[in-house]
Amino acid sequence: MPPNPASSFDAVFIGAGHNSLASALHLASKGWKVAVYEQAAVAGGAAKTGEYTLPGYRHDWAAMNLSLFGGSAFFKANGPELMQNGLEFVPVSKPFASAFPDGGWCGVSTDLTETVANIARFSAEDAETWQRLAADFPTEAPHLFGLLGSPMKMRALAYFVFKTIRTKRLGGTLDFARFLLQTPRDFLHGTFRAPQVQAMLGAWGMHLDFAPDIAGGAMFPYLEGMAGQAFGMVIGKGGADTVIRALTAALTARGGVVETGVRVVRVLHGNGRATGVELADGRVITAGRAVIASTAPSALPRLTGTDTPFDQSLRAYTHAPGTMMIHLALSDLPQWRDPALRRYAYVHLAPSLDQMARTYQQAVAGLLPEEPVLVVGQPTVVDPSRAPEGRHTLWLQVRMAPGTIRGDAAGAIAATDWAEAAAPFAERALDILERYAPGTGATILGKRIVPPTELEADNPNLVGGDQVCGSHHLSQHFLFRPVRGHADGSTPIRNLHLTGAAVWPGAGLGAGSGFLLAQKLTGK
Ligand SMILES: Cc1cc2nc3c(=O)[nH]c(=O)nc-3n(C[C@H](O)[C@H](O)[C@H](O)COP(=O)(O)OP(=O)(O)OC[C@H]3O[C@@H](n4cnc5c(N)ncnc54)[C@H](O)[C@@H]3O)c2cc1C
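Nothing here was measured: the structure is a model prediction, and the numbers come from that model.

Draft legend 1. Up close: the site of the ligand. What surrounds the ligand is a group of 39 residues, the closest being Gly15, Gly17, Asn19, Gly45 and Gly500. The set of elements that each furnish at least two residues to the shell around the ligand consists of helix 1 (18-29) and strand 13 (322-330). A per-element tally of the shell around the ligand places helix 1 first, with 3 residues. Residue composition of the shell around the ligand, grouped by class: 20 nonpolar, 17 polar and 2 charged.

Okay, structure coming up:
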């Protein structure tokens, strides 16, 4: 987008991820004059779509699943405006499944009878448990969503606890707190009998950095399982960038400015107050009311040039292991041993909790995992517009990949530089896919491998290819995301705020931190 001549705004945003754009739209709707500056050539951060393999094949660069956005408070408030500006979802009735080495599989569909039949193949008792959990979900969901949507301030939390005690009583509230602290393995072992059902749900923890034995991870397998059952999934018509295109169009229609291809190099401040930003091309943009940085925490002190205890905490912020993406253009869908798997949006190749725990541990130790977890996204199953007729795209998320390689757990890849290790590690991932779906390799028409280093080069917030911009482990979540006392994005510099995945409620396309901040700034 061409440079905008204006140089004075109420609020200036650093980075055009969806949180910034959502936040900017809310501010603009309240009459603020806003501008968003993005260093990449295209807005969207980790929500971008492009023809990364062959012409006519549209791939989601990073995020594909838009359920968090579709279910967000921001979307509830702004859905009609976004739809008018071109937002289009495609509903998915079979959101996810897991395939197992013996050719078996288990999957969740919005048709409860179907899910129950899938689970019953492994355990009749688990099928009954699933029905009970699904029946209870409408009563349980408001507590979890209430917590995840609440500002992380003591007052708001106290009110949340008070409300929970009123409905759940003290015992129920303590059980809820215990559930929030549990590891995925504790929850899954305590709830289900069949290892396959446990693995199918445990795979959701691996989308974040909640391997089976990490405290605080139980809610993700539960929430994704139940939400998948109740609502399915949504993806973007034509690509996840439908969200970004609609947000940008709505924002510019309200007079907001979105400029890409220009990096913010400095936050200007004086007398303890932020006054604007300096761009890489030398322009100075002033912000009368707010400078809002959607950066990785460690990047903020580099922009402010300060070294306060707050800055030291930001530098100590920890990142999760990285991700490698593989985009494929295919002449057919994967040749799963059971073609029933061709109907699911995601197929997880994460056959057991033990394997997931091992994979995570190896990545944390800096090793290329022997058997990475694969999330096989099949968007063209529900959105054929993303590929030429009869052809398909495949979105392969390879979890976990160390940002910095210290070695190879399988002892086969000598390279410790991603420039050399990417190809053989991608081959390892594709060999795994081939084991589960023999013959898929022969259908590959085009391939694009994106190692963690390239994810970070494209979007500096994905430090080491960390797709969640910071671990969500308990010590860095809730009141502690990104730093105790600043979970609302505030900083010691007046009018300077942080937003994005590193701020409560964290990663994903739920526009949570951006919307909470904009509501705070405008008094709703
Ligand atoms: C591989 C992958 C798969 C994912 N899959 C899903 C999924 O399916 N569903 C889901 O809900 N979530 C998914 N996520 C997570 C989700 O995409 C992110 O949590 C989300 O995009 C974070 O949004 P954000 O608003 O914080 O900013 P980001 O999307 O991180 O964007 C931040 C932007 O700021 C820009 N920026 C940073 N510094 C500067 C600067 N100094 N000057 C100018 N611009 C700057 C960056 O270039 C970037 O464009 C995935 C993430 C990845 C990486």
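Now, onward.
Draft legend 2. Structural view of the domain arrangement of the chain. Under the domain assignment used here, the chain contains domain 1 (8-90 + 239-317 + 468-522), domain 2 (111-195 + 218-229) and domain 3 (321-458). A C-alpha centroid distance of 28 Å is found between domain 1 and domain 3. Every contact between the two is made by 13 residues of domain 1 and, on the other side, 19 residues of domain 3.

Draft legend 3. Broad picture of unusual backbone geometry. Following Arg481, the chain continues to Pro482 via a peptide bond in cis, the omega torsion being 0°. As for its placement among the helices and strands, Pro482 is situated in the loop between helix 15 (452-458) and strand 20 (496-498). A cis amide bond, omega 5°, links Trp504 with the succeeding residue Pro505. Position of Pro505 among the secondary structure elements: in the loop between strand 20 and helix 16 (512-522). One non-glycine residue, Arg169, lies in the positive phi region at around 65°. Within the secondary structure, Arg169 is located in helix 6 (residues 154-181). Residue Arg169 is classed as exposed on the basis of its 11 C-beta neighbours within 10 Å. Positive phi is not limited to glycine here, since Asn271 has a value of about 55°. Structurally, the position occupied by Asn271 is in the loop between strand 10 (264-270) and strand 11 (273-279).

Draft legend 4. Representation of the pairing of strand 10. Across 6 bridges, strand 10 lies against strand 11 in antiparallel orientation. The partner of Val267 across the bridge, within strand 11, is Val277. Counted between consecutive antiparallel strands, the loop separating strand 10 from strand 11 contains 2 residues, among which Asn271 sits at a positive phi close to 55°.

Draft legend 5. Representation of the sheet that holds strand 6 (residues 96-99). One open sheet holds the 7 strands; their spatial order is 7-6-14-16-17-13-19, and the pairing between them is mixed. Unpaired on one side and paired on the other, strand 7 (105-108) and strand 19 (444-450) mark the two borders of the sheet. Averaged over all pairs of adjacent strands, the angle between their axes in this sheet comes to 20°, without regard to strand direction. Sheet analysis places strand 6 next to strand 14 (residues 346-349), joined by 3 bridges and oriented parallel. In the sheet register, Phe96 faces strand 14, and the bridge partner there is Tyr346.

Draft legend 6. Representation of the environment of His319 in the model. Following the sequence through the fold, His319 ends up in the loop between helix 12 (309-316) and strand 13. When the C-alpha atoms of His319 and Gly403 are compared, they prove to be 9.6 Å apart, with 84 residues separating the residues in sequence. Here His319 is in contact with Val463, Gly464, Asp466, Gly470 and Ser471, once residues within four sequence places are set aside.

Draft legend 7. Representation of helix 3 (residues 73-84) within the structure. Of the positions making up helix 3, those classed as buried are Phe74, Phe75, Asn78 and Leu82. Down the axis of helix 3, the sector holding all buried residues measures 110°, keeping them to one side. Exposed and oriented more than 90 degrees from the buried face of helix 3 are Lys76, Pro80 and Gln84. Where helix 3 is buried, its residues touch helix 1, helix 2 (67-70), helix 10 (241-253) and helix 16.

Draft legend 8. Quick look at the packing of helix 5 (residues 124-148) against helix 9 (residues 219-231). In contact at an axis separation of 10 Å, helix 5 and helix 9 are set at 115° when each is read in the N-to-C sense. When you trace helix 5 past helix 9, the crossing you get is left-handed. Along its contact with helix 5, which presents Leu133, Ala134, Phe137 and Leu144, the element helix 9 presents Met219, Leu223, Met226, Gln229 and Ala230. Of the residues assigned to the contact of helix 5 with helix 9, the class counts are 8 nonpolar, 1 polar and no charged.

Draft legend 9. Spotlight on the environment of Ile444. In this fold, Ile444 is placed in strand 19. With 14 C-beta atoms counted inside 10 Å, the residue Ile444 sits in the partly exposed group. Residues within four places of Ile444 in sequence aside, it is in contact with Leu328 and Leu330.

Draft legend 10. Quick peek at helix 4 (residues 112-120). When helix 4 is considered as a whole, its buried residues turn out to be Thr115, Asn118 and Ile119. For helix 4, the buried positions fall inside an angular range of 95° around the axis, keeping them on one side. Projecting away from the buried face of helix 4 at angles above 90 degrees are the exposed residues Thr113 and Ala117.

Thresholds applied
Residues numbered from 1 in each chain as written. Predicted model: local features only at pLDDT ≥ 70, side-chain atom pairs only at ≥ 80, totals over all residues. Near = placed C-beta within 6 Å. Helix = DSSP H or I, 4+ residues; strand = E, 2+ residues; numbered from the N terminus. Nonpolar A, V, L, I, M, F, W, Y, C, P; charged D, E, K, R; others polar. Domains from an automatic or database assignment. Contact = placed C-beta atoms within 7 Å. Buried ≥ 20, exposed ≤ 12 C-beta atoms within 10 Å, placed from the backbone. Pairing = 2+ DSSP bridges. Axes fitted to C-alpha atoms, helices over the stretch in contact; angles between N-to-C directions. Arc of directions from axis to C-beta. Left-handed = near helix turned anticlockwise from the far one by under 90°.

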